[in-house]
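Architecture at a glance
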Amino acid sequence: MKRNVLGAAIVAGGLALSTSVAGFAGNLTPASAKTVVSDCAKTVTVTDPASLSGEARTEATALNAETTAALAEITAEANSNIDEAVAESTDEDGAKDAAALNAQLTEIIADACKAIASLKAEYAGAIAELKAGAAEVKPPDVEKQDVEKKDVEKKDVEKPETDKGDSDSNRADESGSDRQGND
């Protein structure tokens, strides 16, 4: 069930971003393309780990750092691709093919926004799992207490070793030797 929800969230996020990117497809400049990518990245908000406790807080803090780093990487890569597309679209005479550049920029934006939407969905799923794990009430460690009680009970029940077992075997040996003499 979680997969279906996550898949639906990714598809819905991708569709929403695709339609928002399509709105900018008119006349993109390198600066406006970078702004669109930046705006996509701003849609990801990280959860305040203070709302969680214990190990979940630690994991959320690490997840926030990873997500922030991934957003920066996606944005930097998109900006680099935008700069490269602009550089490649300029021919030797300095003329630019505006339609080809616009198509390239639109594709770069769409790819970056899809990657961001995917990251956002993964992040939301991971935070939801952390919150669900933190919400579970863990009963006291009953199993450990039971083990300790059993150890105490065994100590009380244990009897000291006696030589009774040895004396029984000695009697059997003695009686066996008597029988041999009687035969």
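Everything here concerns the structure above.
A quick note: this is a predicted structure, and the numbers were derived from the prediction, not measured.

A short note on the state of the cysteines
- Enumeration over the complete set of coordinates arrives at one disulfide.
- For C40, the disulfide goes to C113, at an S-S distance of 1.9 Å. Between C40 and C113 the disulfide shows an S-S torsion of about 85°. By sign, it is right-handed. With a gap of 73 residues between them, C40 in helix α2 (residues 30–42) and C113 in helix α4 (residues 98–135) connect regions that are remote in the sequence.

Some remarks on the side chain of T47
- With respect to the helices and strands, T47 occurs in the loop between α2 and α3 (54–89).
- What makes T47 buried here is its relative accessible area of 17%.
- For T47, the residues in contact, after removing those within four places along its chain, are N64, Y123, I127 and K131.

Thoughts on the environment of T45
- Its place among the elements puts T45 in the loop between α2 and α3.
- Each C-alpha atom of the pair T45 and N64 lies 9.2 Å from the other, and the pair is 19 residues apart in sequence.

Things to note about the pattern of salt bridges
- This structure, assessed with the given rule, holds one salt bridge.
- Residue D83 is joined to K34 by a salt bridge in which the shortest nitrogen-to-oxygen separation is 2.7 Å. Residue D83 is located in helix α3, and its partner K34 is located in helix α2; the two are separated by 49 residues in the primary sequence.

Notes on the nonpolar core
- Of all hydrophobic cores here, the largest spans 21 residues; its most connected members are V37, L71, I82, L105, I109 and I116.
- Looking at this core, the elements with two or more residues in it are α2, α3 and α4.
- Considering every element that reaches this core, the biggest residue donor is α4, with eight residues.
- Aside from chain neighbours lying at most four places away, what touches I116 is V37, C40, A41, T43, V44, L71 and I74.

What to know about the side chain of T67
- Topologically, T67 is positioned in helix α3.
- Of the residues examined, T67 reaches a relative accessible area of 3% and is grouped as buried.
- For T67, the side chain forms a polar contact with the main-chain oxygen of L63, separated by 2.8 Å.
- Those residues in contact with T67 that sit more than four places away from it in its chain are V44, L119 and Y123.

A few points about the environment of S32
- Tracing the sequence through the fold places S32 in helix α2.
- A C-alpha to C-alpha distance of 9.6 Å links S32 and L105, two positions 73 residues apart in sequence.

Thresholds, definitions, all that
- Residues numbered from 1 in each chain as written.
- Predicted model: local features only at pLDDT ≥ 70, side-chain atom pairs only at ≥ 80, totals over all residues.
- Heavy atoms only, no water.
- Disulfide = S-S within 2.5 Å.
- Helix = DSSP H or I, 4+ residues; strand = E, 2+ residues; numbered from the N terminus.
- Buried < 20%, exposed > 50% of the residue type's maximum accessible area, 1.4 Å probe, protein only.
- Contact = heavy atoms within 4.5 Å.
- Salt bridge = Lys/Arg side-chain N within 4 Å of Asp/Glu carboxyl O.
- Core = buried A, V, L, I, M, F, W, Y, C linked by side-chain atoms within 4.5 Å.
- Polar contact = N/O pair within 3.5 Å; in protein donor to acceptor, adjacent residues only side chain to side chain.

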